[in-house]
Amino acid sequence: MSDSGHRVRLTVEVDLLADPIEGVVRHEHGADKPFAGWISLIRAFELALDDERLRPAPPPPG
């Protein structure tokens, strides 16, 4: 894991009755990323992380 200190929190909401897995990935600085299926879930993570990587890094503490 990187020591950069630039981290993001992703929230995953899953429909427990859906088959295959279905839900939405949410994060603070971008649009919700809906998914249906395991590969789509991974893609939703990738898209959310891409959104975060485009944001400027926070200033160092101190």
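Refer to the preceding data block for the structure.
Residues numbered from 1 in each chain as written. Predicted model: local features only at pLDDT ≥ 70, side-chain atom pairs only at ≥ 80, totals over all residues. Heavy atoms only, no water.

Visitor: Whenever I open this one, the overall build of the protein confuses me. Can you help?
Guide: Tallying secondary structure elements over the protein gives one helix and three strands in all. Ordered by position from N to C terminus, the α and β elements of the protein give β-β-β-α. A globule of 62 residues ought to have a C-alpha radius of gyration of about 11 Å, yet the protein, at 14 Å, is considerably larger. Expressed along its principal axes, the backbone C-alpha trace of the protein runs to roughly 50 × 25 × 15 Å. Relative to its 62 residues, the protein shows a buried fraction of 19%. Of all intrachain contacts in the protein linking residues separated by at least 6 positions in sequence, the fraction that spans at least 24 positions is 21%. (Helix = DSSP H or I, 4+ residues; strand = E, 2+ residues; numbered from the N terminus. Rg over C-alpha atoms; globule rule 2.2 N^0.38 Å. Buried < 20%, exposed > 50% of the residue type's maximum accessible area, 1.4 Å probe, protein only. Contact = heavy atoms within 4.5 Å.)

Visitor: Please explain the environment of alanine 44 as it appears in this structure.
Guide: Its location among the elements puts alanine 44 in helix 1 (residues 38-53). With a relative accessible area of 2%, alanine 44 lands in the buried category. Along the sequence, alanine 44 and proline 56 sit 12 residues apart, while their C-alpha atoms lie 21 Å from each other. Look past the residues within four positions of alanine 44 in its chain and what remains in contact with it is Val25, Lys33, Pro34 and Phe35.

Visitor: In this structure, what is going on with the sheet that holds strand 3 (residues 33-36)? I would like to understand it.
Guide: Pairing between the strands of a sheet comes from backbone hydrogen bonds, and it takes one of two forms, parallel or antiparallel. Reading across from one edge, 1-2-3 is the order of the three strands in this open sheet, with antiparallel pairing throughout. Looking at which strands have only one partner, the edges of the open sheet turn out to be strand 1 (10-14) and strand 3. Neighbouring strand axes in the sheet, compared pairwise and without regard to direction, differ in orientation by 20° on average. In the sheet, strand 2 (residues 22-27) pairs with strand 3 via four bridges, with the strands oriented antiparallel. By the bridge assignment, glycine 23 is partnered in strand 3 with phenylalanine 35. Of the strands in this sheet, strand 1, strand 2 and strand 3 touch helix 1, which is tilted by about 165° from strand 3. (Pairing = 2+ DSSP bridges. Axes fitted to C-alpha atoms, helices over the stretch in contact; angles between N-to-C directions.)

Visitor: Explain the pairing of strand 3 to me, please; I cannot follow it from the model alone.
Guide: Along any regular strand, the residues point their side chains to alternate faces of the sheet. Of the two faces of strand 3, the one holding Lys33 and Phe35 is buried and the one holding Pro34 and Ala36 is not buried anywhere. Adjacent in sequence and paired antiparallel, strand 2 and strand 3 are bridged by five residues.

Visitor: Help me understand the environment of valine 24, please; the structure alone is not making it clear to me.
Guide: With respect to the helices and strands, valine 24 occurs in strand 2. Residue valine 24 is classed as buried on the basis of its relative accessible area of 12%. Sequence-distant contacts of valine 24, defined by excluding residues within four places in its chain, comprise Thr11, Val12, Glu13, Asp32, Lys33, Pro34 and Phe35.

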